[in-house]
Amino acid sequence: MTKYKIVIKVTMPNAKSRVRAMVVAAKTNGVISIAIAGDLKDRLEVVGEGIDITCLVHCLRKKLCHAEVLKVEEVKDKPPEKKKPPEPCACPAPSPCAAYLHTPLVFSCEQAESPAFGCNIM
């Protein structure tokens with residue numbers, strides 16, 4: 001199915017009525033996302049698949065008095081972006097201290113009279 005973006009002008013003078021409008025739209029089958037838009041925050045943008053627009057507008061009119069459909073448009077999915085391979089890091093030459101940190105340690109264990117003095121680190 002294709003996704004549609006529906007813009008509905010609704011009378012929403014305060015935050016309580018905006019919440020009511022969003023709740024009504026959220027309960028409608030097929031709705032994916034809801035947003036409040038417009039300079040006066042009087043437009044409800046609903047995105048979804050298979051939405052019954054007449055039922056949605058009827059329910060909004062029942063709860064909030066005035067609602068009219070302004071625009072219905074198809075939402076096109078963005079093509080997946082091609083992932084670029086990571087570029088090699090241009091690191092400076094290793095310092096002598098860094099070379100010392102990456103050298104393996106050599107252990108030499110000899111049999112000694114005391115077990116505490118048995119291993120030496122070279």
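An unreviewed UniProt entry annotates the protein as HMA domain-containing protein originating from Panicum hallii var. hallii.

Student: Sorry if this is basic, but what is going on with the nonpolar core here?
Tutor: Buried together is how nonpolar side chains tend to be arranged in soluble globular proteins. Membership of the largest hydrophobic core comes to 15 residues, with the highest contact counts inside it found for Ile8, Val10, Leu44, Leu56 and Leu60. Contributions of two or more residues to this core are made by β1 (3-10), α1 (15-27), β3 (43-49) and α2 (53-64). Beyond its immediate sequence surroundings of up to four residues, Leu60 is in contact with Ile8, Val10, Ala21, Val24, Leu44, Cys65 and Ala67.

Student: I would appreciate a short explanation of the pattern of salt bridges in the present structure.
Tutor: Inspection of every chain in the model, using the stated rule, returns 2 salt bridges. We note a salt bridge from Lys5 to Glu45, for which the minimum N-O separation is 3.8 Å. Of this pair, Lys5 sits in strand β1 while Glu45 sits in strand β3, and the two are 40 residues apart along the sequence. Salt-bridge contacts for Asp42 lead to Arg43; the nearest nitrogen and oxygen are separated by 3.7 Å. A relative accessible area of 32% places Arg43 in the partly exposed class.

Criteria and thresholds
- Residues numbered from 1 in each chain as written.
- Predicted model: local features only at pLDDT ≥ 70, side-chain atom pairs only at ≥ 80, totals over all residues.
- Heavy atoms only, no water.
- Core = buried A, V, L, I, M, F, W, Y, C linked by side-chain atoms within 4.5 Å.
- Buried < 20%, exposed > 50% of the residue type's maximum accessible area, 1.4 Å probe, protein only.
- Helix = DSSP H or I, 4+ residues; strand = E, 2+ residues; numbered from the N terminus.
- Contact = heavy atoms within 4.5 Å.
- Salt bridge = Lys/Arg side-chain N within 4 Å of Asp/Glu carboxyl O.

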